[in-house]
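Residue-level structure breakdown
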Amino acid sequence: MSLLKGKVILDLSHRLPGPLAGKVLADMGAEVIKIEDQKFKDPFIHGLFAEMDPSFPHWYEELNHNKQILRIDFKDPASKDKMQELLSKADGIIMGLPPKVRDFLGVDQKSIESQSRPISHIELFSKKNLTRGMHDLNAMADIGILKLYVDGHDSDIIDPPFLPVAGITFGHKAATDLIAGMLNASETKKSQFIESYLYEASEEILGPFWPKACREKDIKQTLHNGRYPCYSIYRLQDGAYAALAAVEEKFWQRFCESTGLEVQADLRFHFEDKSIFEKVSKVFLKLNSQQVKKLIEENDMCLSLI
């Protein structure tokens, strides 16, 4: 997509949410320039994060491959001239620098407002009026939805969800906020200074999927987290897994016809006991990956190999 072609974004953020916001904007056609300190770079490729977890450098590459990476010396006075040159053509800024550094480089609020063009500036925080630290896992716990994940586990130690869901949500929300700020700046001819929050973004976007009414009625399982046999993950004969999402009747009927499963369509939503789950599971346990692959190739039934 080239919806933002011609727009220039300065990405002064690091780690996950800010760079993800920049990636979203770059994927929409914006010219995104990620500016890092020449010595310290982004924590995902330098320091503790990069050293402790081999996945982070790969995340860095994925989040930033579509950007121009510019590394300058944040302590060199000459870097200020370079920043002013970039600022003069910027439409948006994703801010992640501490106040002293942004003052030194001339990307503070006063400097931004002095430009001849309006700029949308966004800064990312953990939560409104919060002084303590907060990460992805804290946000999901604090808004309540992590309870959906924890309930049903019977272990002393529980692995977190498979992806940083709240952090990913936050990155997309920040990108949306910045685009809205750019529109507003264009209409008002004034620079916009926006604050975006991890907790509030998670509550706004993820919260509705376990609404208050469900919490009051203690409804914890839904279609998407294992309530029904037609939408679940099953082990195969060779130890692999398949994802079945045969929600619509036509998909369920094709699945049954193709595998010999004898379960009426209305029973695909039967969850009071596990008998239907067990019947579906027995079918999958007789199939290996190659057989499931063939089923997928020959039938449209919302079935996938994992």
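For the structure given in this document, a descriptive report is provided here. (Residues numbered from 1 in each chain as written. Predicted model: local features only at pLDDT ≥ 70, side-chain atom pairs only at ≥ 80, totals over all residues. Heavy atoms only, no water.)

A few points about the packing of helix H1 (residues 17-27) against helix H9 (residues 165-188)
Between H1 and H9, the least distance of the axes is 8 Å, while the angle of their chain directions is 55 degrees. Between H1 and H9, the angle is such that the two are oblique. The two elements H1 and H9 meet at a crossing, and its hand is right-handed. Contact with H1, carried on its side by Pro17, Leu20, Ala21, Val24 and Leu25, involves Gly167, Ile168, Phe170, Gly171, His172, Ala174, Ala175, Leu178 and Ile179 of H9 and no other residues of that element. A per-class count over the contact of H1 with H9 returns 11 nonpolar, 3 polar and no charged. (Axes fitted to C-alpha atoms, helices over the stretch in contact; angles between N-to-C directions. Helix = DSSP H or I, 4+ residues; strand = E, 2+ residues; numbered from the N terminus. Parallel < 35°, antiparallel > 145°, perpendicular 65-115°, else oblique. Left-handed = near helix turned anticlockwise from the far one by under 90°. Contact = heavy atoms within 4.5 Å. Nonpolar A, V, L, I, M, F, W, Y, C, P; charged D, E, K, R; others polar.)

Here we look at the pattern of salt bridges
Under the defined criterion, the tally for this structure stands at 16 salt bridges. Among the salt bridges present, the one from Lys34 reaches Glu36, with a minimum N-O distance of 2.7 Å. Considered together, Lys34 and Glu36 belong to a single accessibility category, that of buried residues. The salt bridge partner of Lys212 is Glu216, with a shortest N-O separation of 4.0 Å. Pair noted here: Lys212 and Glu216 are both in helix H11 (residues 212-216), with a separation of 4 residues, about one helical turn. (Salt bridge = Lys/Arg side-chain N within 4 Å of Asp/Glu carboxyl O. Buried < 20%, exposed > 50% of the residue type's maximum accessible area, 1.4 Å probe, protein only.)

Some details on the sheet that holds strand S5 (residues 120-125)
Strand order across the open sheet formed by 6 strands is S3-S2-S1-S4-S5-S6, with parallel pairing between neighbours. Because the sheet does not close on itself, it has two edges, and the strands there are strand S3 (68-72) and strand S6 (192-197). Taken pair by pair, the neighbouring strands of this sheet meet at an average axis angle of 20 degrees, ignoring direction. With 4 bridges joining them, strand S1 (residues 8-12) and strand S2 (residues 31-37) adopt parallel strand pairing. Along S2, the bridge assignment pairs Ile9 with Val32. Along the sheet, helix H10 (residues 198-205) makes contact with S5 and S6, crossing S6 at roughly 70 degrees. (Pairing = 2+ DSSP bridges.)

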